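Now for the letters of each chain:
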Amino acid sequence: MESAATINKTEVDAKTFICPSCGGTIKYDISSSEFLCSSCRTTYEVEALSETVKEYDFSDYAERERRVTPFEGLAVVRCQNCGCEITFDQQQVSAICPMCSSTQVAELKQAAGIPPEGILPFEIDKDAASQRFKKWVKSRLFAPGNFKKSCAEGALKGMYLPFWTYDANSVGFYTGRGGRDRTVTDKDGKTHTETDWYHVSGVVSETFNDIQVCASEKEAIINGILPFNTVEKTVPYSPSYLSGFYTEIYKLKADEGFKYAQSVIEKRLRSLAEHDILRRYDKADVNVINIKNKNVTYKHVLLPVWSSVYSYAGKLYHYFINGETGKVSGRRPYSPLKIALTVIGALILLFGIYMAATNR
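Residues numbered from 1 in each chain as written. Predicted model: local features only at pLDDT ≥ 70, side-chain atom pairs only at ≥ 80, totals over all residues. Heavy atoms only, no water.

Let's talk about the nonpolar core
Next, step 1: Of all hydrophobic cores here, the largest spans 30 residues; its most connected members are Ile119, Phe133, Tyr160, Leu242, Trp306 and Ile321.
Next, step 2: For this core, the secondary structure elements donating two or more residues are strand S3 (26-29), strand S4 (34-37), helix H3 (126-138), strand S16 (283-312) and strand S17 (315-322).
Next, step 3: Considering every element that reaches this core, the biggest residue donor is H3, with four residues.
Next, step 4: Setting aside anything within four residues of it in sequence, one finds Ile119 in contact with Tyr160, Lys233, Thr234, Val235, Pro236, Tyr237, Ser238, Tyr241, Leu242 and Leu302.
Next, step 5: Ranked by size, the runner-up nonpolar core spans 29 residues in total, among them Tyr56, Tyr166, Tyr174 and Tyr250. (Core = buried A, V, L, I, M, F, W, Y, C linked by side-chain atoms within 4.5 Å. Buried < 20%, exposed > 50% of the residue type's maximum accessible area, 1.4 Å probe, protein only. Helix = DSSP H or I, 4+ residues; strand = E, 2+ residues; numbered from the N terminus. Contact = heavy atoms within 4.5 Å.)

Below is the structure:
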């Protein structure tokens, strides 16, 4: 692993969002769905980079990715408002200046990849997200009590994370078995069920619209807060929406992301194949399904997330809240004492039931 001293650092220009009237920071206001100055409340227009959210033919993806030049190392931005020097990490695109709270967007880093076509603005504000998070923490039955208290008092950070979405017209050709049950009476007069199996085959299809794949290294936990309504609520991308929020560039490329999308497609088509068999049989067993995907398209979008991280007993625990729906996902520690007391209580209850039954 490279040491901090050997990692390349490049100074880049940043786009800022400073109100010309009062010098305050212009941000996207979640409660009003407007882009306005946080100080004087002057409203500004969001300047989108395009009129529509475009989708691209997946067969051309490799060529698009080859044409971009990755940004290597760390980016250093000098705040144009106060002069503070800010270091962006490998995946970071925007940051909030620790001195003056203005937003800095390193557009050169974002240009070093396939640019986002769309963005889904925040709908859940920080206060609402905090309340959802506290409710979720309190519902974790076996979490240590002091952990719940520290989580409830923690801070949330708003961020936009990169996603790939995929559309496809998919057809599955399956083979398997269909089972018909029949009741059999043995020589002792007892009945039981036997199944006669028959070879089956068929075709199922589905049109997929916006299969969502997180392109961040946070993918494992992020999947727990899906889905987002990207079909109806995604708007053309504008860096204006990033003001006031942390933002990442994608780490997972679209061809790698499509492998996950294919697993979603296969799972759905297998389910459809099972239902197709069950229309004619009592049981279904799909052995093989061959899938053909046509008209595959993709796009790069930024989706809103509230995030928090806590340290407990020497370990870090990350939590995420869907910035559109408020759905919460995360990992938590377990209290051995609470689990032990619950098990002991259950055993005592079962023993009491057993003694009551034997003493009748």
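Past the structure itself, the notes keep going.
A closer look at the packing of aromatic side chains
Next, step 1: On inspection of all chains with the given rule, the structure shows 20 aromatic pairs.
Next, step 2: Measuring from centroid to centroid gives 4.7 Å for Phe58 and Phe258, while their planes differ by 40°, and the two rings are tilted. Of this pair, Phe58 sits in the loop between strand S6 (56-57) and helix H1 (61-67) while Phe258 sits in helix H7 (residues 254-278), and the two are 200 residues apart along the sequence.
Next, step 3: Relative to Tyr298, the ring of Phe58 lies with its centre 6.0 Å away and its plane at 85°, an arrangement referred to as edge-to-face. Here Tyr298 lies in strand S16 and Phe58 lies in the loop between S6 and H1, a separation of 240 residues in the sequence. Exposure class is identical for Phe58 and Tyr298. Each is buried.
Next, step 4: Across from the ring centre of Tyr56, 3.8 Å away, lies the NZ or CZ of Arg64, which sits over that ring. (Phe/Tyr/Trp six-rings, centres within 6.5 Å; stacked < 30°, edge-to-face > 60°. Lys NZ or Arg CZ within 6 Å of the ring centre and 35° of its normal.)

A few points about the layout of surface pockets
Next, step 1: Taken as a whole, the second largest pocket encloses approximately 420 Å³ of empty space.
Next, step 2: Lining the second largest pocket are 23 residues, with Lys27, Ile30, Gly244, Phe245 and Trp306 positioned closest to its centre.
Next, step 3: Secondary-structure elements contributing two or more residues to the lining of the second largest pocket are S3, S4, strand S9 (92-96) and strand S12 (157-185).
Next, step 4: Considering each element in turn, the lining of the second largest pocket owes the most residues, four residues, to S9. (1 Å grid on protein atoms, 1.4 Å probe; cavity = no way out; pocket = protein on both sides within 12 Å on 5 of 7 lines; lining within 4 Å. Points joined across faces, edges and corners; volume = space filled by probe spheres on them.)

Considerations on unusual backbone geometry
Next, step 1: With an omega of 5°, the peptide bond between Leu226 and Pro227 qualifies as cis.
Next, step 2: The phi dihedral of Arg41 is positive, around 65°, even though this residue is not glycine.
Next, step 3: The topology assignment puts Arg41 in the loop between S4 and strand S5 (43-44).
Next, step 4: Positive phi, close to 65°, is recorded for Asp210, a residue that is not glycine.
Next, step 5: Looking at where Asp210 falls in the secondary structure, it is placed in strand S13 (residues 191-214).

So, the side chain of Ser240
Next, step 1: One can find Ser240 in the loop between strand S14 (235-236) and strand S15 (246-248).
Next, step 2: The class of Ser240 is buried, set by a relative accessible area of 7%.
Next, step 3: Excluding residues that lie within four positions of it along the chain, Ser240 makes contacts with Phe17, Phe35, Val46 and Glu47.

Here's the deal with the environment of Gln104
Next, step 1: With respect to the helices and strands, the residue Gln104 is situated in strand S10 (residues 103-105).
Next, step 2: Distance from Gln104 to Tyr246, taken between C-alpha atoms, is 9.4 Å for residues 142 residues apart in sequence.
Next, step 3: What Gln104 contacts, discounting residues up to four positions off in sequence, is Ala14, Lys15, Thr16, Val77, Arg78, Cys79, Gln80, Ile86, Phe88, Val93, Ser94 and Ala95.

A few points about the pairing of S4
Next, step 1: Sheet topology places S3 next to S4; four bridges connect them, and they run antiparallel. Considered in S4, the bridge of Asp29 is made with Glu34.
Next, step 2: Taking the residues that link successive antiparallel strands as the turn, the S4-S5 hairpin has five residues, and the phi of Arg41 there is positive, at about 65°. (Pairing = 2+ DSSP bridges.)

Keep in mind these numbers describe shape, not what the thing actually does.
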